[in-house]
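Observations on the three-dimensional arrangement
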Amino acid sequence: MAIDGGNAAILRLAVPVPLRRLFDYLPPAGVEPASLVPGQRLWVPFGGRKLVAVLVDVVAESPHARLKPALAQIDSVPLFDARSRAFLHWAADYYQAPPGELYAAALPAALRKGKPADHWAEQWLQLTTEGKGLPDTALARAPKQQALLQLLLQRGRESRTQLKVLGHSTAVIRALGERGLVDWTAGPTVPPPVIDDNTEAAAPPQLNEEQQQVLEAIPAEGFSASLLEGTTGSGKTEVYLRLMARVLAAGRQALLMVPEIGLTPQTLRRIAARFPEHNIAALHSGLAEGERAQAWLSAAMGTADIVIGTRSAILTPLPRLGAVIIDEEHDGSFKQQDGVRYSARDLSLVLGRNAGVPVLLGSATPSLESLHNALSGRYQHLRLRNRAGNARPPQISVVPTLGQPLEEGFAPQVLRHIGDTLARGEQVLVFINRRGFAPALTCDDCGWLADCPHCSSKLTMHRRSRQLRCHHCDYRRPLVESCPQCHSRSLSALGGGTERSEELLARRFADFPVIRVDRDTTASKQALDRLLAPARDGEPCLLLGTQMLAKGHHLPRVTLVVIQDADGGLFSADFRAPERTGQLLEQVAGRAGRGDLAGRVLVQSRFPEHPLLQLLLERGYGPFARQLLQDRATAQLPPLRAMALVRAECEEPRWAEEFLQQARAQMQTLAPPSPELAYLGPVPALLERKSGRFRFYLQITADKRGVLQPLLARFCQWAEGNKNRRLRWAVDMDAQELA
Ligand code: ADP
Ligand code: ZN
Ligand code: ZN
């Protein structure tokens with residue numbers, strides 16, 4: 001269709017609805033089509049609602065008749081540049097996700113809700129071409145103007161807010177403006193500095209030879225993928241900082257991706273202290289909505305030089321991108337587990353290729369995926385084999401627990417070691433992989449067990465808050481004093497958790513602070529930072545907690561690490577469990593002896609002879625992971641094959657199962673099972689029932705990723721026609737969890 005007989009402008013938009021296509025609209029009434037550019041947001045009517053959509057393309061014709069006009073233009077400048085749009089569409093295709101949902105996932109909440117971007121705009125003073133070309137001494141007789149000019153030469157530009165702080169008066173600015181040396185532009189505000197008073201400007205250490213070699217091996221120009229495998233404390237972060245410095249010197253943006261719990265104030269301080277003259281934007285879930293929008297805009301508009309973020313930061317447009325660094329690349333938090341189930345780690349390589357910049361994946365315990373890519377030559381394999389600074393590797397021993405007189409799960413010799421370490425004035429870290437008091441409550445007389453009414457799981461006893469809680473759906477009920485079934489008062493708490501160990505340890509070592517760190521004690525990153533303050537001060541103390549303690553925190557006075565139970569992951573039905581257990585144990589063990597003092601690690605196990613555990617403890621994660629890779633090859637599992645899950649869940653289990661049976665039949669007519677393509681299922685998920693819904697999945701593995709894509713696309717096409725509103729389905733490409 002055409003308007004006025006001339007070239008019609010039709011807007012092709014990504015609308016945040018669960019349909020895998022774009023939608024055509026007419027320009028909003030009264031809006032000049034020429035002012036509509038891809039990457040802007042618009043309000044559109046959709047099924048009686050008003051939604052925020054992103055303009056993807058302006059076209060001349062639409063296959064659809066009777067288009068509606070969009071309601072209003074939100075942005076005057078595009079938020080997504082062309083490269084970022086191409087990247088998001090690639091990701092939508094790869095993960096079989098609705099493009100509108102990908103744009104929504106990329107935007108911070110405030111912008112997703114349609115708040116205008118210029119709400120966070122700032123006036124920036126910059127040098128004009130004449131200003132830049134001025135000889136150094138030209139303004140020698142006007143020292144205030146000269147000082148401002150000098151500042152702008154150094155920093156490129158400066159915000160009105162900051163100029164005021166620095167004491168540059170309006171008169172001086174006007175004088176320079178009248179000479180045609182400076183002018184104002186509008187741009188996003190830079191988020192408030194992440195630094196606080198404790199920040200000391202750190203002089204960078206001299207790189208050791210290994211670090212130097214690693215840094216030189218990363219090409220300055222063009223796309224490259226490198227895996228940096230280096231034990232905890234080997235100086236990986238120092239390599240990241242140098243790579244960032246290189247990127248910043250070239251006038252480009254550095255993106256540093258960190259795990260959900262790795263973005264600690266401590267990490268931010270270290271980076272801010274190294275680059276005091278650069279703008280840093282931190283993108284994470286701990287920010288208020290406005291702060292997050294501000295940080296996002298400064299990244300997307302190119303004002304921020306360094307962008308540090310958790311998972312969704314990978315979707316942020318970065319117009320001057322110069323390098324992508326993924327710290328702790330093995331971390332599970334890089335994979336989104338609901339909605340658009342993307343992997344930020346995997347996408348970083350796509351982004352790097354699109355932008356033509358280096359991608360550096362770093363870890364002490366690389367994922368089997370990345371290790372496989374490095375060993376097969378697809379990534380450059382870089383290694384740091386020694387600890388940087390003075391720290392030496394810790395000494396690791398296994399403590400067999402079977403048949404031992406345990407006290408709340410601790411062997412007597414372990415308690416003795418803890419006492420000795422504290423008495424020497426050093427710190428102890430105890431790792432327990434479960435929070436709460438005990439993972440189950442049972443009746444000694446009739447065998448009743450406290451179950452979650454909504455999930456196929458037990459309720460965890462929390463003694464402090466006097467509650468029984470489900471760790472899967474967050475159902476809570478008051479702790480019972482007697483058995484609801486037979487009214488017996490003899491109830492037993494089975495197994496242990498952080499609360500239970502805390503009680504014992506606080507009693508046994510009453511002269512020392514016992515600091516418990518888990519999700520229940522740390523509502524925010526700041527709370528965690530505060531909680532750890534005594535430990536950082538170096539006082540003897542006992543830290544105990546879950547994997548929150550395993551990373552990000554540099555605690556140089558910890559000399560003893562105790563792993564209460566190493567066995568859990570070795571016997572799980574999830575084929576990835578041994579990999580995760582190995583990573584966790586190695587990361588926790590790496591907390592020992594990070595400073596000048598030697599470290600010791602005690603690992604309790606009922607099965608000290610388990611070959612995988614022995615391999616891990618005696619030879620380390622590297623050889624352990626290589627063994628696991630061989631096992632995966634034998635079992636035809638990822639990363640040796642590509643794997644996707646099609647998931648379905650429903651209150652009525654039969655419906656979910658039947659839906660997946662039909663899905664399988666559909667896909668098999670397109671591609672029958674063969675040596676290159678295998679179907680498994682539908683099978684119940686490891687946690688079969690969650691929040692009242694029964695969960696099933698269909699597993700498809702293939703030699704090549706490319707085989708899976710058309711199959712999944714076909715499935716989505718079919719499944720979008722599903723009319724059963726109570727049944728939910730999802731495609732999980734490169735699934736990480738079978739749970
Ligand atoms: P990783 O990220 O591998 O755990 P870091 O980069 O945090 O390691 O380094 C561990 C410790 O060693 C830090 O305190 C860091 O400041 C120090 N360090 C790193 N590189 C050097 C070096 N070349 N010389 C001296 N100290 C170093
Ligand atoms: Zn009972
Ligand atoms: Zn539950």
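Notes on the structure in this doc start here. Note that this is a predicted model, so its numbers are computed, not measured.

Examining the coordination of the zinc ion (ligand 2)
- Coordination of the zinc ion (ligand 2) by the protein comes from Cys-443 (SG), Cys-446 (SG), Cys-483 (SG) and Cys-486 (SG), over a distance range of 2.3 to 2.4 Å.
- Classification of the site at the zinc ion (ligand 2) as tetrahedral follows from its four donor atoms and the range of 104 to 112 degrees in their angles at the metal.
- All donor residues of the zinc ion (ligand 2) come from one chain, and their arrangement in sequence is C-x2-C-x36-C-x2-C.

Let's talk about the site of ligand 1
- Close contacts around ligand 1 come from 18 residues, with Gln-206, Gln-211, Gly-233, Lys-236 and Thr-237 the closest.
- The separation between an oxygen atom of ligand 1 and a polar main-chain atom of Gly-235 is 3.0 Å.
- A distance of 2.8 Å separates an oxygen atom of ligand 1 from a polar atom in the backbone of Lys-236.
- Contact with the protein chains removes 77% of the 550 Å² of surface that ligand 1 exposes when unbound.
- At three residues, the largest contribution of residues to the shell around ligand 1 is made by helix α9 (residues 236-249).
- In terms of residue class, the shell around ligand 1 is built from three nonpolar, 11 polar and four charged.

Remarks on the sheet that holds strand β20 (residues 467-469)
- One open sheet holds the three strands; their spatial order is β19-β20-β21, and the pairing between them is antiparallel. Lying at the two open borders of the sheet, with one neighbouring strand each, are β19 (460-462) and β21 (476-478). Averaged over neighbouring strand pairs, the angle between their axes works out to 30 degrees when direction is ignored.
- Examined bridge by bridge, β20 and β21 share three bridges and lie antiparallel to one another.

Focus on the coordination of the zinc ion (ligand 3)
- Donor atoms from the polypeptide that coordinate the zinc ion (ligand 3) comprise Cys-452 (SG), Cys-455 (SG), Cys-470 (SG) and Cys-473 (SG), at 2.2 to 2.4 Å from the metal.
- Its four donor atoms give the zinc ion (ligand 3) angles of 105 to 114 degrees at the centre, a pattern that matches the tetrahedral case.
- Spacing between the donor residues of the zinc ion (ligand 3) along the chain follows C-x2-C-x14-C-x2-C. Remark: Cys-473 occurs in the loop between β20 and β21 and Cys-452 occurs in the loop between β18 (440-443) and β19; sequence separation between them is 21 residues.
- Cys-473 gets classed as partly exposed once you look at its relative accessible area, which sits at 23%.

Conventions we followed
- Residues numbered from 1 in each chain as written.
- Chains lettered and ligands numbered in written order.
- Predicted model: local features only at pLDDT ≥ 70, side-chain atom pairs only at ≥ 80, totals over all residues.
- Heavy atoms only, no water.
- Donors = N, O, S within 2.8 Å, 3.2 Å for Na, K, Ca; no water.
- Tetrahedral: all angles 85-135°; square planar, octahedral: opposite > 155°, others 65-115°.
- Near = heavy atom within 4 Å.
- Polar contact = N/O pair within 3.5 Å; in protein donor to acceptor, adjacent residues only side chain to side chain.
- Areas by Shrake-Rupley, 256 points an atom, 1.4 Å probe, with all protein chains shown as cover.
- Helix = DSSP H or I, 4+ residues; strand = E, 2+ residues; numbered from the N terminus.
- Nonpolar A, V, L, I, M, F, W, Y, C, P; charged D, E, K, R; others polar.
- Pairing = 2+ DSSP bridges.
- Axes fitted to C-alpha atoms, helices over the stretch in contact; angles between N-to-C directions.
- Buried < 20%, exposed > 50% of the residue type's maximum accessible area, 1.4 Å probe, protein only.

Just distances and angles here, no functional claims.
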